[in-house]
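Summary of the model geometry
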Amino acid sequence: KAAKDANRIAVEGNEIARDANQVAEWALAATTDHVTYSWRLEVQEDGVTVALLNDSAHAAHQVTVVVDQDSHVKATASADEVEPFGQVLLDLEGLVQKEIEEERREAQRRDAINNADNGILVLGEPHQFRLRLTVTARTQAGVQHSDVIEQVLTVRDGRLKTPRR
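Summary of the structure given here. (Residues numbered from 1 in each chain as written. Predicted model: local features only at pLDDT ≥ 70, side-chain atom pairs only at ≥ 80, totals over all residues. Heavy atoms only, no water.)

Side note on the overall build of the protein chain
Assigned secondary structure in the protein chain consists of two helices and eight strands. The linear arrangement of helices and strands in the protein chain, starting from the amino end, is α-β-β-β-β-β-α-β-β-β. Projected onto its principal axes, the C-alpha coordinates of the protein chain cover approximately 100 × 30 × 25 Å. A buried classification covers 33% of the 165 residues belonging to the protein chain. In the protein chain, the share of contacts with a sequence separation of at least 24, taken over all contacts with a separation of at least 6, comes to 55%. On the protein chain, roughly 10800 Å² of surface is accessible, and the fraction owed to carbon and sulfur atoms is 49%. Side chains of the protein chain carry 19 positive and 28 negative charges; the gap between the two charge centres is 2 Å. (Helix = DSSP H or I, 4+ residues; strand = E, 2+ residues; numbered from the N terminus. Buried < 20%, exposed > 50% of the residue type's maximum accessible area, 1.4 Å probe, protein only. Contact = heavy atoms within 4.5 Å. Areas by Shrake-Rupley, 256 points an atom, 1.4 Å probe, with all protein chains shown as cover. Lys, Arg positive; Asp, Glu negative; His and termini not counted. Charge placed at Lys NZ, Arg CZ, Asp CG, Glu CD.)

Some points on the sheet that holds strand β6 (residues 127–138)
Pairing is antiparallel in the open sheet, where five strands are placed in the order β4-β3-β6-β7-β8. The open sheet has two free edges, formed respectively by β4 (72–82) and β8 (159–161), since each of these has just one partner strand. With strand direction ignored, the average angle separating the axes of adjacent strands in the sheet is 25°. In the sheet, strand β7 (residues 144–156) pairs with β8 via three bridges, with the strands oriented antiparallel. Directly across from Thr-154, in β8, lies its bridge partner Lys-161. Along the sheet, helix α2 (residues 93–114) makes contact with β3 (60–69), β4, β6, β7 and β8, crossing β6 at roughly 165°. (Pairing = 2+ DSSP bridges. Axes fitted to C-alpha atoms, helices over the stretch in contact; angles between N-to-C directions.)

Re the sheet that holds strand β2 (residues 50–54)
With respect to topology, three strands assemble into an open sheet ordered β1-β2-β5, the strand pairing being antiparallel. Whereas interior strands pair on both sides, the edge strands pair on one side only; in this sheet they are β1 (39–43) and β5 (87–90). Going from strand to strand, the sheet's axes swing by 30° on average, the running direction of each strand aside. As defined by bridge partners, β1 adjoins β2 across five bridges and the pair is classed as antiparallel. Bridge pairing in β2 links Trp-39 to Asn-54.

Set out below in structure tokens:
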């Protein structure tokens, strides 16, 4: 019986040692992994579709994206891997169409005032709205990253634009 107990304890000790080694490997990876990601929104050629661009030289793994506007989640997306300078398409069509329609309404109100021949001239500012994205990803070494970016998008002439960098 003593030999069985000793054997059981040795097996449990080996499992604990394996777990400790795994934790040590993760800790080492976290301290030696200097990967940084740069994320930004990019409007596609159609002026409606929006993608999140991995604007860095490192692949991102197990990527999740949460897009919110005024603390309301507007879209989520995920990808197993996003290559360097690769993209994740975001399903924001409904939101974008709503913002394009708001820009049209603002232009119509401005035009109505300007065409009223009352001596008042209203110059229009571009219609803008702000999105916040929370992006989580793992590096090749398995280190978890979490980034929050805010970006202002502009609607002009029924098309979405990203600000120039």
